[in-house]
Amino acid sequence: MSVLLDKRPNGVAIVTLDRPQVLNALDVPAKERLGAIWQDIADDPAVRVAVLKGAGSKAFCAGSDIKEINRTGRMVSTDTLLRAIPGIGVPLVKPVIAALHGYCIGMGMTLALHCDLRLAAKDTVLGYPEVKHGMISAVSAMHLGQVIPSARALEMLLLARNISADEAMRMGLLNAIVDDVDAEAEAWASTIAGYPPAAVQATKRLAAFSRHSVEAERAEIEAVRALVEARDDYKQGAAAFIKRG
C-alpha cells in the first residue's frame, strides 16, 4: 500500500508515505489513500495526534508523480488534491506533526506546510519547483504567506530554488532541526496526546479560524489550475520533466 497508517495505543497515529523507490512521490492512488486516512483519523476518537513521515532514507516526499500527466493531462482532480492535504479537504482539528528528511519538494512541501508542527532532519531540502516547469503550487501559493513572511513565500514560489533546513528554520518554516526526526516527532506527538483532547483540538481550531472558506479556495484553485493547464508551456514543461526523469 502506498500510504501506511499505524494507530498506536497512546493515541498517536503514524502516517507513512511508502513509495521510497520513487522518493515517496505521490500518484493518484496515494493521494486518494491520504484522503481516506485523514478522514479515518478525524472520525476516530481514539486518535489524538498524527505524525506524517516518509519511508526510506532519501525523501519525505519528492512531490507528485508527474509521469501521470502523460496519461491524464492533469495529475489529480482538485477534490482529490485537497482531500490529500491534512485539514484542507477533510476538516481535521487533531494536530498533525510533519517529520521531514531528505527531499521535501512540491506536493511534499504542500503536505508539510499544512501540518501544524514541522520537525526536520539536518539533510532536509525544501522547495517548490513548479513554476519553472510551467506549473503552479496552487494550495501553497494561497497559504505559504500565512506561515512565513509574504516576501519570503513569494521568493520560494517564484524563484523555484531549493533551500536547506537551516534556511527554512531562519524563515520560520520549521519548529526545530533535530538529529532523529522520527523519534522526536513521536515524542512531541506523545506529549500532546497526553493532554486533554478537547483543549488541544479547541486550540488548533481557534488558531486556524482566520483561514478563508475552504469552498471559496476550492473554486479559486480549480479556476487557476484550469487556466494554467490549458497553456502550451504547461504541457511542454510536463513533457520535458517526464523525459528528463
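Since we're looking at a predicted model, the values are computed, not measured.

Thresholds, definitions, all that
- Residues numbered from 1 in each chain as written.
- Predicted model: local features only at pLDDT ≥ 70, side-chain atom pairs only at ≥ 80, totals over all residues.
- Heavy atoms only, no water.
- Helix = DSSP H or I, 4+ residues; strand = E, 2+ residues; numbered from the N terminus.
- Buried < 20%, exposed > 50% of the residue type's maximum accessible area, 1.4 Å probe, protein only.
- Contact = heavy atoms within 4.5 Å.
- Areas by Shrake-Rupley, 256 points an atom, 1.4 Å probe, with all protein chains shown as cover.
- Axes fitted to C-alpha atoms, helices over the stretch in contact; angles between N-to-C directions.
- Left-handed = near helix turned anticlockwise from the far one by under 90°.
- Nonpolar A, V, L, I, M, F, W, Y, C, P; charged D, E, K, R; others polar.
- Pairing = 2+ DSSP bridges.
- Expected span 1.5 Å × (residues − 1).
- Arc of directions from axis to C-beta.
- Right-handed = clockwise from strand over helix to strand, strands pointing away.

**Structural notes on the overall build of the protein**
1) Next: Scanning the protein from N- to C-terminus turns up eleven helices and ten strands.
2) Next: Taken across its 245 residues, the protein has 50% of its residues classed as buried.
3) Next: In the protein, 71% of the contacts between residues at least 6 apart in sequence involve partners at least 24 apart.
4) Next: Here the protein has roughly 11,300 Å² of accessible surface; of this, 56% comes from carbon and sulfur atoms.

**Some words on the packing of helix H5 (residues 138-147) against helix H6 (residues 150-159)**
1) Next: Closest axis-to-axis distance for the H5/H6 pair is 7 Å, and the angle between their directions is 145°. Every pair of crossing elements has a handedness; the one defined by H5 and H6 is right-handed. Mapping the contact onto sequence places Ser140, Ala141, Leu144 and Gly145 in H5 and Ser150, Ala153, Met156 and Leu157 in H6.
2) Next: Classifying every residue of the contact of H5 with H6 gives five nonpolar, three polar and no charged.

**With respect to the sheet that holds strand S2 (residues 12-17)**
1) Next: Spatial strand order, S1-S2-S3-S5-S7-S10: six strands in an open sheet with mixed pairing. Every other strand in the sheet has two partners, leaving strand S1 (3-7) and strand S10 (176-177) as the edge strands with one partner each.
2) Next: Sheet strands touched by helix H1 (residues 28-43): S1, S2, strand S3 (49-54) and strand S5 (96-100). Its angle to S1, the strand with the most contacts, is close to 20°.

**Things to note about the sheet that holds strand S4 (residues 59-61)**
1) Next: Reading across from one edge, S4-S6-S8-S9 is the order of the four strands in this open sheet, with mixed pairing throughout. Both edges of this open sheet fall to S4 and strand S9 (163-164), since each of them pairs with a single strand only.
2) Next: Pairing of strand S8 (residues 125-127) with S9 involves two bridges; the strand directions are antiparallel. Counterpart to leucine 126 in the pairing with S9 is isoleucine 163.

**Let's talk about helix H8 (residues 181-193)**
1) Next: Under the 1.5 Å per step criterion, the end-to-end length of H8 is 18 Å for 13 residues, consistent within 8% with the ideal 18 Å.
2) Next: Here H8 has its buried residues at Val181, Ala185, Ala189, Ile192 and Ala193. All buried residues of H8 project into a common sector of 100° when viewed along the axis, lining one side.
3) Next: On its buried face, H8 is in contact with S2, S3, S5, strand S7 (117-120) and helix H9 (197-207).

**Some points on the pairing of S3**
1) Next: Summarising burial for S3: six of the six residues are buried, a large majority.
2) Next: What you see with S3 is no split at all: Val49, Val51 and Lys53 on one side and Ala50, Leu52 and Gly54 on the other are buried throughout.
3) Next: As defined by bridge partners, S2 adjoins S3 across six bridges and the pair is classed as parallel. In the sheet register, threonine 16 faces S3, and the bridge partner there is lysine 53.
4) Next: Tracing the backbone out of S2, into H1 and back to the parallel element S3 gives a crossover that is right-handed.

**Details of H6**
Residues that lie three or four places apart on an α-helix share one face, since the helix turns once every 3.6 residues.
1) Next: Every buried residue of H6 is accounted for by Ala153, Met156 and Leu157. Along the axis of H6, the buried residues cluster in a sector spanning 90°; they form a single face. Away from its buried face by more than 90 degrees, H6 exposes Ala151, Leu158 and Leu159.
2) Next: Check the buried side of H6 and you find it contacts helix H4 (107-113), S8, H5, S9 and helix H7 (165-171).
3) Next: Directly beyond the C-terminal end of H6, a positive phi value near 55° is found at alanine 160.

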